[in-house]
Amino acid sequence: MKERGIFNKYNAFWLATILVIFGLLFGLIAAGVINQVYLTVLMGIGINIILAVSLNLIIGLTGQFSLGHAGFMCIGAYAAGVVMKNVSSSVGGVLLGMLIGILISVVVGLLVAGPTLRLRGDYLAIATLGFGEIIRIVILNMNITNGAAGMVLQKVVDWPLIYIMVVLTLVVILNFGRSAPGRACLAIREDEVAAEAMGINTTKYKIMAFVLGAVFASVAGSLYAGCYYVIKPDMFTFNKSIEILVLVVFGGMGSITGSVIAAIVIGFINIFLQSFSDIRMIVYGLALVCIMIFRPGGLLGTKEFSYSALYKKLTSKGASK
Amino acid sequence: MKKLVIALFVFAMLAGCSSNGGGNPAGDGYKIGLHYELTGEVADYGNAELEGSKLAIKLMNQKLGEDKYESVEYDNTSSTTEAVTISTKLVQDGVIGVVGPATSGASAATYQVLDGAGIPVISPSATANNVTQKNPDDENSEVYNSVFRICFEDSYQGAAMAQFAYDTLNAKRVVIYGDSTTDYAKGLTQAFTDQFHKLGGTVVATEYYVAKDTDFNGTLTKIKDMTYDALYIPGYYNEAGLIAKQARAMGIDCPIIGGDGFDSTTLVDLAGATALNDVYFTTAYTTVGASDALQAFIDAYKAEYNKEPGMFAALAFDATNLLMEACEKAGSNNPADIQKVLVDIEFDGITGSFSFDATHTPIKSVLVVELVDGVQASAVSVSPKM
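Since we're looking at a predicted model, the values are computed, not measured.

(A) A look at the packing of helix 3 (residues 69–86) of chain A against helix 5 (residues 121–140) of chain A. Residue and element names in this part refer to chain A. Direction vectors running N to C along helix 3 and helix 5 enclose 30 degrees, while the axes themselves pass 8 Å from each other. In terms of their interaxial angle, helix 3 and helix 5 are classed as roughly parallel. Here helix 3 contributes Gly71, Cys74, Ile75 and Tyr78 to the contact with helix 5, which in turn contributes Gly132, Ile135 and Ile139.

(B) Region of interest: the sheet that holds strand 4 (residues 121–123) of chain B. Residues and elements named next belong to chain B. The sheet built from 5 strands is open, its strands ordered 2-1-3-4-5 with parallel pairing. Every interior strand has two partners, whereas the edge strands, strand 2 (69–75) and strand 5 (147–149), have only one. In this sheet, adjacent strand axes meet at a mean angle of 25 degrees when their direction is disregarded. For strand 1 (residues 30–36) and strand 3 (residues 97–99), the ladder comprises 3 bridges, and the chain directions are parallel. Pairing of isoleucine 32 across the sheet is with glycine 97, part of strand 3.

(C) Structural view of the sheet that holds strand 8 (residues 230–233) of chain B. Residues and elements named next belong to chain B. With mixed pairing, the 7 strands of this open sheet are ordered in space as 7-6-8-9-10-13-14. The open sheet has two edge strands, strand 7 (202–209) and strand 14 (375–382), and neither has a second partner. The mean angle between the axes of side-by-side strands here comes to 20 degrees, regardless of whether they run parallel or antiparallel. With 3 bridges joining them, strand 6 (residues 173–179) and strand 8 adopt parallel strand pairing. Paired with valine 175 across the strands is leucine 231, a residue of strand 8. Its contacts with the sheet place helix 5 (residues 154–167) against strand 8, strand 9 (256–258), strand 10 (279–283), strand 13 (366–372) and strand 14, and it is angled at close to 145 degrees to strand 10. Where helix 8 (residues 237–250) meets the sheet, its contacts fall on strand 6, strand 7, strand 8, strand 9 and strand 10, and the angle it forms with strand 9 comes to roughly 170 degrees.

(D) Summary view of the side chain of Asp75(B). All names here are of chain B. Tracing the backbone shows aspartate 75 in strand 2. A polar contact of 3.0 Å, which involves the side chain of aspartate 75, links it to the backbone nitrogen of leucine 38. In this structure the side chain of aspartate 75 is engaged in a polar contact, spanning 2.7 Å, whose partner is the side chain of threonine 39.

(E) Looking closely at the packing of aromatic side chains. Scanning all chains against the criterion turns up 31 aromatic pairs over all chains. Taking 5.3 Å as the distance between ring centres and 20 degrees as the angle between the ring planes, the aromatic pair formed by Phe192(B) and Phe196(B) counts as stacked. In this pair, Phe192(B) and Phe196(B) both sit in helix 6 (residues 183–199), 4 residues apart, roughly one turn of the helix. Given a relative accessible area of 0%, Phe196(B) falls into the buried group. What links up through ring pairs into an aromatic cluster is the set Phe13(A), Trp14(A), Phe305(A) and Tyr307(A). Positioned above the aromatic ring of Tyr30(B) is the side chain of Lys68(B), whose terminal nitrogen or guanidinium carbon lies 4.7 Å from the ring centre. Against the face of Tyr166(B) rests Lys172(B), its NZ or CZ located 3.9 Å from the ring centre.

(F) Region of the structure containing the interface of chain A and chain B. The partner chain B presents 40 residues to the 37 residues of chain A that form the contact. Each partner contributes to the roughly 3,400 Å² buried at the junction of chain A and chain B, and carbon and sulfur atoms together form 63% of this total. At the boundary of chain A and chain B, one finds 1 salt bridge. In this structure, Lys85(A) engages Asp137(B) in a salt bridge whose closest nitrogen and oxygen atoms are separated by 3.4 Å. In this structure, the connection of chain A to chain B is made through 5 residue pairs in polar contact (both at pLDDT 80 or more).

(G) Up close: the domain arrangement of chain B. Residues and elements named next belong to chain B. Splitting chain B by domain gives domain 1 (26–152 + 291–354) and domain 2 (155–283 + 366–382). Computed over C-alpha atoms, the centres of domain 1 and domain 2 are 30 Å apart. Between domain 1 and domain 2 the total buried area reaches about 670 Å² when both faces are included, carbon and sulfur atoms providing 60% of it. For domain 1, the biggest contributors to the area lost against domain 2 are Asn129, Phe152 and Met311; these three give 72% of the whole. Counting across the interface, domain 1 meets domain 2 through 0 salt bridges. Counting across the interface, domain 1 meets domain 2 through 1 residue pair in polar contact (both at pLDDT 80 or more). Taken together, the residues that form the side of domain 1 that touches domain 2 break down as 4 nonpolar, 1 polar and no charged.

The rules behind the values
Residues numbered from 1 in each chain as written. Chains lettered and ligands numbered in written order. Predicted model: local features only at pLDDT ≥ 70, side-chain atom pairs only at ≥ 80, totals over all residues. Heavy atoms only, no water. Axes fitted to C-alpha atoms, helices over the stretch in contact; angles between N-to-C directions. Helix = DSSP H or I, 4+ residues; strand = E, 2+ residues; numbered from the N terminus. Parallel < 35°, antiparallel > 145°, perpendicular 65-115°, else oblique. Contact = heavy atoms within 4.5 Å. Pairing = 2+ DSSP bridges. Polar contact = N/O pair within 3.5 Å; in protein donor to acceptor, adjacent residues only side chain to side chain. Phe/Tyr/Trp six-rings, centres within 6.5 Å; stacked < 30°, edge-to-face > 60°. Buried < 20%, exposed > 50% of the residue type's maximum accessible area, 1.4 Å probe, protein only. Lys NZ or Arg CZ within 6 Å of the ring centre and 35° of its normal. Buried area = accessible area lost by both parts, 1.4 Å probe. Salt bridge = Lys/Arg side-chain N within 4 Å of Asp/Glu carboxyl O. Domains from an automatic or database assignment. Nonpolar A, V, L, I, M, F, W, Y, C, P; charged D, E, K, R; others polar.

Spelled out as structure tokens, the structure:
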């Protein structure tokens, strides 16, 4: 198989797609088609994409069932919140907070991953759930975070920053999935014992995936703090982890494309149901039940959208004609 | 498979567009935004307030003899994220003002959006200290022009109880046993301690529990051996009820005092009527010695919903009436005109008469209610000497 460089037509396609979507959003917002309401929803969707994709890296690609994702989001949100409050309430402040959040997440992620990733299945889920709660309770009892009252912040993050972060997350995680460590993670997901027998240092790769996922959860938290005015410890309970998990399962565990689509679809379902508060949770629950009955693997299963696959499909169809 | 995805996409897009088409940002009509927690953790408060608000609008329309005011209701699902989205939606809807949200967190999340659009927001029950100010950590920070509330602050309530305990109960030494996980309880503890010290009393000890605890015997045993005149429990009825029961069972027979978190029938269910003697709590609303206006509200509420109104319904009723009264006085549906009227209004509501101070918080006295066998027996009005 021949090596592909960075500059090939598929990457050019992707770059074009990124720019076209950005241009489209920019145009629609400037023209007023996307009003303030939809812009807020889109920003929420962007943050959810980052959360879902990063959790999918841990659950879908590596097969480690983590329920502590909200804890890492909490770290990012509070890191950004504290910096915004004490240093500078600006985009720079958010970015600085994001960086600090990433560093803390790496340290905490390593601390959590070391002992817990030796566990499997249910045990791992419960252990990570516990760690997520510990993070939250620590923040709840700190003075700099203003305890249970949470922090009231200025809105400084606008949609382009979120868009850039979403793209960055996707590029990093998709590429990680196709790198050698990523392949090792896939092997661990498929069969941990076999992977170990093949000489893969399973703990090492599991920790790698876990910490990378934690870092992006923290990034999403920082962005959240920068555009949703209020952060409180009770937003980051394990319910939040479950919400993210739902996105991952809905889109398909192991499919990054699926997570993106799930975040978008659920975001729009939510806003559509906003006027029907009575039946909102029922419809939402029903949608999930239907997905699980008709597509137990989630919307996309483990399939990914890629230009190279699309190109091959088109050309092979053209050839068979 | 792809077809399904595309179909879902199209559906989602259509759904988005169809609800977009109805929006009319121009400010015609008299729409009142009701922005409440109808589902989620604090749905009880939100639903009670929604009922109070809708009743207020209905009665006002009856009085005016036309369907002048209409409500635009949204559910913020007790989530601050959703509260932000809904605030932008209410701006889009062209409301004359917003009543809600019920809790301080969701309120803080809506203020920047609505204040930015110059739409008056009146919260019935956002009691957190300084929540009407741009930086709640700093009591001297700028006040949001368009943000008002009709409840007193946590700190005011705590101070009032300290005053009552010192003057009326003649308590010189108090033990505080509070919730360490809520902002509400922390605010109350702080304010009570400060005021009590100022008056010359002693807070013998401050102990903490964690919300959702059920066994308090360990700490209560410790408290039992101290010397004190009253036990202050800043927290909500779920734990306060159990603490009262376990304290009485242990032989702690001093007065038990608390905040408006006691104000629920669940307190009686949990503690049992016999444990609830010599119990006092601060609140904004009581049916003991109801005024004519309050009695009229209670009757109307019972007729409409077939149940007794609580504090939250009454506060929302007042908040909604306040907005409509300001609108009538301004003689305009322009939010900016209504805001100007609100700043200097003298309002006469069922939860008391008040005007706003510089932070748009009402100046009104706190009620202290005494429970006898679990039933509200008497109420006195207390103003802390600041």
